[in-house]
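What follows is the residue order along each chain.
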Amino acid sequence: MTREPRHVPGDAPPPGAAGGLAGAAGGPVAGAPLAPRVLPGEDPAAVAEAAALLRAGELVAFPTETVYGLGANALDAAAVARVFAAKDRPSFDPLIVHLADAAEVADHAVPADAADPRVGLLADRFWPGPLTLVLRRRDHVPGIVTAGLPTVGLRVPDHPVARALIRAAGVPVAAPSANRFGRVSPTRASHVVRGLGPRVRLVLDGGPCRVGVESTVVLLAEGRAALLRPGGVPAEAIEAVIGPLATPATGRAGTAALAPGSAGTHYAPGARVEIVDPFDPADRPRLVAKPGERLGLLAASAAGAAAARAAGGPFATVVVLAPDGDPVVVAARLFEALHELDAAGLDRIAAQPVPAVGLGRAVMDRLRRAAVGGQ
Ligand code: TXA
Ligand code: MG
């Protein structure tokens, strides 16, 4: 069974658009503007333009009360992949999904978690504001947003420009801080311009950020209560409302799913994952299924799948991430594909490597972690 990537809006930016794709290529696109446009966030026409860009799969930087965010339509996996490209993020960390209103929590979290009375209590007390609640996600939230986790971080920001933008876009907005990987989070529009340049089309200027540190991240999934990241709302203030918060120690077994990035393997399917290059003759023996073995193929491109089929098999399941190997589509599809393969009851998955440049670095980081975890 060959699975084609499903169509996601915004795969192809309009001609001349720099967008986040410039980051995937490692530099500005020829003929593209060298700096993003900066528009006043209080201007409704600017907000409408930014909202239209988000709906079209483009990236927009916008102010929140904590730091400036680099936003994409959270329901558009390819747009979210461009966020990682623009940030040069070497791995996929889960992104916070920004909502216009607390009532929207029920749209994206499973009913049991959305109805947890503590969610309502914290939302009433701290939203809009610098608090992120991590709840089990509904299936429509793309895997790249949550880095393959079964949970999603949700937050209603307290900045009039952010709220106007999310409302006008009519979609939830996934946004990490609008800086390149390893750099300081931006608290002014000028920081975003300096840090990201043409990797973002448009920056809405909302002045300096009031809080200046990121939101507090609290896990409330499945009845638990844990502080995952200290931030703009003091933990004591949260505990005063819902009682004690656990603080998961990093690196211990079992905490990887709670505190992403704290362990080597934060998403690994049940089957053993091996990185196997179908174009490398030395790797080819590992493309051959052993007697009785259910072998799956995770191909980055159609050419990779063809080379793997020619060299090995039989494959119980084949997933082609992107026919032409487009790194944006490969990244956008990766987590869903791992879930698909996981569900296929395989013994082993042969995963085609991609060049570790641009978004490919993040793809390879995740594949390597999956490979370590399954062994
Ligand atoms: O204030 C903020 O939170 C800013 C503004 C833009 O909203 N955003 C921000 O995003 O700081 P970022 O990507 O830099 O940090 C997101 C944090 C990460 O530490 C991540 O581990 C955690 O939120 N997070 C997000 N989703 C999660 C999930 N499903 N499970 C556990 N942690 C999650
Ligand atoms: Mg950040």
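Above this text you will find the structure in question.
What counts as what
Residues numbered from 1 in each chain as written. Chains lettered and ligands numbered in written order. Predicted model: local features only at pLDDT ≥ 70, side-chain atom pairs only at ≥ 80, totals over all residues. Heavy atoms only, no water. Near = heavy atom within 4 Å. Polar contact = N/O pair within 3.5 Å; in protein donor to acceptor, adjacent residues only side chain to side chain. Helix = DSSP H or I, 4+ residues; strand = E, 2+ residues; numbered from the N terminus. Nonpolar A, V, L, I, M, F, W, Y, C, P; charged D, E, K, R; others polar. 1 Å grid on protein atoms, 1.4 Å probe; cavity = no way out; pocket = protein on both sides within 12 Å on 5 of 7 lines; lining within 4 Å. Points joined across faces, edges and corners; volume = space filled by probe spheres on them. Axes fitted to C-alpha atoms, helices over the stretch in contact; angles between N-to-C directions. Parallel < 35°, antiparallel > 145°, perpendicular 65-115°, else oblique. Contact = heavy atoms within 4.5 Å. Core = buried A, V, L, I, M, F, W, Y, C linked by side-chain atoms within 4.5 Å. Buried < 20%, exposed > 50% of the residue type's maximum accessible area, 1.4 Å probe, protein only. Domains from an automatic or database assignment.

Peer 1: Before we move on, could you go through the site of ligand 1 and cite the residues and values that matter?
Peer 2: The environment of ligand 1 is formed by 24 residues, the closest being Thr-66, His-98, Glu-214, Ser-215 and Arg-229. A distance of 2.6 Å separates an oxygen atom of ligand 1 from a polar atom in the side chain of Ser-215. Counting residues per element, the ones that place at least two in the shell around ligand 1 are strand S5 (96–98), strand S7 (151–155) and strand S11 (226–229). In terms of residues, the shell around ligand 1 owes the most to one element, S7, which gives 4 residues. Looking at the shell around ligand 1 residue by residue, the classes come out as 13 nonpolar, 7 polar and 4 charged.

Peer 1: Kindly report on empty space enclosed by the protein, identifying the contributing residues and their values.
Peer 2: In total, this model carries 2 cavities of 30 Å³ or more according to the counting rule given. In this structure, the second largest cavity occupies an estimated 30 Å³ of space. Residue lining of the second largest cavity: Leu-298, Ala-299, Ala-300, Leu-321, Leu-334, Gln-352, Val-354, Val-363 and Leu-367, and that is the complete set. Counting only elements with at least two residues in the lining of the second largest cavity, the list comes to strand S13 (295–299) and helix H13 (359–373). The residue makeup of the lining of the second largest cavity, split by class, is 8 nonpolar, 1 polar and no charged.

Peer 1: Describe the packing of helix H3 (residues 77–87) against helix H12 (residues 327–343), and please don't skip the residues or the numbers.
Peer 2: Direction vectors running N to C along H3 and H12 enclose 110 degrees, while the axes themselves pass 8 Å from each other. Looking at the two axes, H3 sits roughly perpendicular to H12. On H12, the residues touching Ala-77, Ala-78, Ala-81 and Arg-82 of H3 are Val-328, Ala-331 and Ala-332. Grouping the constituent residues of the contact of H3 with H12 by class yields 6 nonpolar, no polar and 1 charged.

Peer 1: Let's hear about the nonpolar core: which residues, and what values?
Peer 2: In terms of nonpolar packing, the biggest core is built from 81 residues, with Phe-92, Leu-131, Ile-144, Leu-220, Ile-238 and Leu-298 touching the most fellow members. Examining the composition of this core, we find that 10 residues originate from one element, H12, more than from any other. Domain assignment of the residues forming this core places at least three in each of domain 1 (22–242) and domain 2 (272–370). Counting residues in each nonpolar core, the second largest holds 20 residues, with Ala-50, Phe-62, Ala-169 and Leu-204 among its members.

Functional significance is not addressed by these values, which are geometric in nature.
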